[in-house]
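# Residue-level structure breakdown
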Amino acid sequence: MQQNIFAIKAHILYAQTPQEIRCTEDGYLVCEAGRVAGVFPVLPEQYRDIRLFDESGKLLIPGLSDLHLHAPQYSFRGMGMDLELLDWLNTHTFPEEAKYKDLLYAQAAYRIFIDALLHSATTRACIFATIHREATELLMGMLEASGGVKGFVGKVNMDRNSPDYLREETGESLRETRRWLAGCSGKYQNIAPILTPRFTPSCSDSLLRGLGELQWESGVPVQSHLSENESEVAWVKSLCPDAAHYADSYDRFRLFGGEGCPTVMAHCVHCTAEELDLMQERGVFIAHCPQSNTNLSSGAAPVRLFLERGMHVGLGSDIAGGAHLSIFRAMADAIQCSKLRWRLLDQSLRPLNIAEAFYLGTKGGGAFFGQVGSFEPGYLFDAVLLDDGSLPHPQPLTPLERLEWLIYLGDERNLAGKYIEGQRIF
Ligand code: GUN
Ligand code: FE
């Protein structure tokens, strides 16, 4: 029997477009060499002899992508949520991140985070670490060993407007980043480095210039924050009088998408039309983080507009701006946030529906990692098996109804299996 090919029987659901969730009831998904060979209502003759895993009754969906989260902030998620962004950073975030200089603390804290991530439906993630090179390497090594997620981890860069205990000198920040990148080379299979200027207020022009040069030399992708909060946007305007807008404060140092510079920007709540044009032109991904945007009173991003324009957009938990690691939860939050925006702010942008939210959490965000987040032929087979046995209902529900229910009500107890690139994780 061939080893690198198998089939799973289940109710198979996935998004190809934001408009529709495709469902094959009691169908067969064939995985060959880590990729989807096809989804079939009846197992084709040519696959009659391959291994078949019978998961009848369960739902099989693509693994979820978390385009934005801060690993060191997992320890204070759900705490200190009464402040807005800049005060929250100074009061809660920076003191906690400073603790990661201590590798024993980092190890204990990252262990808890990684166990939670492993047992979540997230199969791909873009993760911020801290400014500390050694703790960042520790996090990467621990994530690699857990095998529970693939994606990017960034050593954070900060050289200004930050407390002394969480700041590097410009030259030191660049040297440490180069040293970190060199150390990552050939070391990991599941985890790759991503350049991570925290946000413009934390990074001087010389630091951003140096990171732009490093990006140009190395081709390493970029992640940061953009237009999250009104005070932050005003601050960037006064810090960068020569920049055309917040997006330009990255773009002028070649840290904003385009050929050879994959980029993800978190939030984009207050972007101008000009900034959105630039993002679209450069193929910059937006990490929409609805729970964080409500917790920190940042606002409500115009996600419907992003989708209508055909921009790259996915979901982020933004731990600890968001308190929940679950991207199912982020789907429900995105819908709810869009409804309040529509009712209170702008009736021209209809709220999101369940198919659109599901698309954002699967194929929309997955695209940052390649052919990820769908079950179309050729896609990498990242998937989760869902068992809603803990959610009894008096009537039989369709697989689509069950998926909608799980998006709003499910948790890690409903996760019956996880696959990444064809490998069963549990
Ligand atoms: N902007 C700069 N740093 C952060 C952070 O840690 N979290 C959020 N939500 N926004 C930021
Ligand atoms: Fe963030």
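Given the structure is predicted, the values throughout are model-derived calculations rather than measurements. (Residues numbered from 1 in each chain as written. Chains lettered and ligands numbered in written order. Predicted model: local features only at pLDDT ≥ 70, side-chain atom pairs only at ≥ 80, totals over all residues. Heavy atoms only, no water.)

Within the protein one finds 13 helices and 17 strands. Compactness check: the protein gives a C-alpha radius of gyration of 21 Å against a globular reference of 22 Å for 426 residues, within 12% of the reference. Once the C-alpha set of the protein is aligned to its principal axes, its extents read approximately 65 × 50 × 40 Å. Residues counted as buried form 59% of the 426 residues belonging to the protein. Entry remark: accessible area of the protein is about 16,900 Å², with carbon and sulfur atoms responsible for 49%. (Helix = DSSP H or I, 4+ residues; strand = E, 2+ residues; numbered from the N terminus. Rg over C-alpha atoms; globule rule 2.2 N^0.38 Å. Buried < 20%, exposed > 50% of the residue type's maximum accessible area, 1.4 Å probe, protein only. Areas by Shrake-Rupley, 256 points an atom, 1.4 Å probe, with all protein chains shown as cover.)

With that out of the way, let us pick up unusual backbone geometry. Residue Ala320 is reached from Ile319 by a cis peptide bond, and omega for that bond is 5 degrees. With respect to the element layout, Ala320 can be found in the loop between strand E14 (313-315) and helix H11 (327-344). One non-glycine residue, Ser227, lies in positive phi territory at about 45 degrees. Looking at the secondary structure, you find Ser227 in the loop between strand E11 (222-226) and helix H6 (230-239). When its relative accessible area of 1% is taken as the criterion, Ser227 is described as buried.

A few words on the site of ligand 1. Every residue close to ligand 1 is listed here: His70, Gln73, Leu85, Trp88, Leu89, Arg198, Phe199, His225, Glu228, His267 and Asp318. At 2.9 Å from an oxygen atom of ligand 1 is found a side-chain nitrogen or oxygen belonging to Gln73. Protein burial of ligand 1: of its 280 Å² of free accessible surface, 100% is covered by the chains. Applying the majority rule of atoms within 2 Å of the grid points places ligand 1 in the largest cavity. Examining the composition of the shell around ligand 1, we find that 3 residues originate from one element, helix H1 (residues 85-98), more than from any other. Across the shell around ligand 1, the residue classes tally to 4 nonpolar, 4 polar and 3 charged. (Near = heavy atom within 4 Å. Polar contact = N/O pair within 3.5 Å; in protein donor to acceptor, adjacent residues only side chain to side chain. 1 Å grid on protein atoms, 1.4 Å probe; cavity = no way out; pocket = protein on both sides within 12 Å on 5 of 7 lines; lining within 4 Å. Sits in = over half its atoms within 2 Å of the grid points. Nonpolar A, V, L, I, M, F, W, Y, C, P; charged D, E, K, R; others polar.)

If you trace the 4 strands from one edge of the open sheet to the other, you get E5-E6-E7-E9, paired in parallel fashion. Each edge of the open sheet is held by one strand with a lone partner, namely strand E5 (64-70) and strand E9 (191-193). In this sheet, adjacent strand axes meet at a mean angle of 20 degrees when their direction is disregarded. Summarising the sheet, E5 and strand E6 (residues 122-128) pair through 5 bridges and their orientation is parallel. The residue bridging His70 from the neighbouring strand is Phe128, located in E6. The sheet strands contacting H11 are E5 and E6, and the helix crosses E5 at an angle near 90 degrees. (Pairing = 2+ DSSP bridges. Axes fitted to C-alpha atoms, helices over the stretch in contact; angles between N-to-C directions. Contact = heavy atoms within 4.5 Å.)

Below, the discussion takes up helix H3 (residues 133-146). End to end, H3 covers 20 Å across 14 residues, agreeing with the expected 20 Å (1.5 Å per residue, within 8%). Among all positions in H3, only Arg133, Ala135, Thr136, Leu139, Met140, Met142, Leu143 and Glu144 are buried. Looking at the packing, one finds that the buried side of H3 touches helix H2 (103-118), E6, strand E7 (150-154), helix H4 (170-184) and E9. Looking at the residues trailing H3, positive phi occurs at Gly147, about 70 degrees. (Expected span 1.5 Å × (residues − 1).)

Mapping Ser249 onto the fold places it in helix H7 (residues 246-251). What makes Ser249 buried here is its relative accessible area of 1%. Only 2.8 Å separates the side chain of Ser249 from the side chain of Thr200, close enough to count as a polar contact. Ignoring anything within four residues of it in the chain, the contact list for Ser249 reads Thr200, Leu208, Val236, Cys240 and Ala243.

Turning next to the nonpolar core. Phe113, Ile127, Leu139, Leu226 and Met279 are the most contacted members of the largest nonpolar core, which totals 106 residues. The element best represented in this core is H11, accounting for 7 residues. Ignoring anything within four residues of it in the chain, the contact list for Met279 reads Leu226, Phe256, Met265, Cys268, Cys271, Val284, Phe285, Ile286 and Met311. With 15 residues, the next largest nonpolar core counts Ile8, Ala10, Tyr379 and Leu385 among its residues. (Core = buried A, V, L, I, M, F, W, Y, C linked by side-chain atoms within 4.5 Å.)

Turning our eyes to something else, we now look at the side chain of Gln291. The topology assignment puts Gln291 in helix H9 (residues 290-295). At 2.8 Å, the side chain of Gln291 and the backbone nitrogen of Ala323 are in polar contact. Beyond its immediate chain neighbours, meaning those up to four positions away, Gln291 contacts Gly321, Gly322, Ala323, His324, Arg329 and Asp333.

In the first shell of the iron ion (ligand 2), the protein supplies His68 (NE2), His70 (NE2), His225 (NE2) and Asp318 (OD), at 2.1 to 2.4 Å from the metal. Considering all 4 donor atoms around the iron ion (ligand 2), the spread of angles at the metal, 87 to 171 degrees, places the coordination shape in the irregular class. Counting gaps between the donor residues of the iron ion (ligand 2) yields the pattern H-x1-H-x154-H-x92-D. Remark: Asp318 occurs in the loop between E14 and H11 and His68 occurs in strand E5; sequence separation between them is 250 residues. Given the relative accessible area of 2%, His68 is considered buried. (Donors = N, O, S within 2.8 Å, 3.2 Å for Na, K, Ca; no water. Tetrahedral: all angles 85-135°; square planar, octahedral: opposite > 155°, others 65-115°.)

What follows concerns the packing of aromatic side chains. Applying the stated criterion to the full structure yields 16 aromatic pairs. Between Phe152 and Phe369, the ring centres sit 6.0 Å apart and the planes meet at 20 degrees, which makes this aromatic pair stacked. Taken together, the residues Phe152 in strand E7 and Phe369 in the loop between helix H12 (354-366) and strand E15 (383-386) connect sequence positions 217 residues apart. For Phe369, a relative accessible area of 13% translates into the label buried. Ring geometry for Phe285 against Phe368: centres 5.2 Å apart, planes inclined by 75 degrees, an arrangement best described as edge-to-face. One end of the pair, Phe285, is in strand E13 (residues 285-288); the other, Phe368, is in the loop between H12 and E15, and 83 residues separate them in sequence. Each member of the pair Phe285 and Phe368 is classed as buried. (Phe/Tyr/Trp six-rings, centres within 6.5 Å; stacked < 30°, edge-to-face > 60°.)

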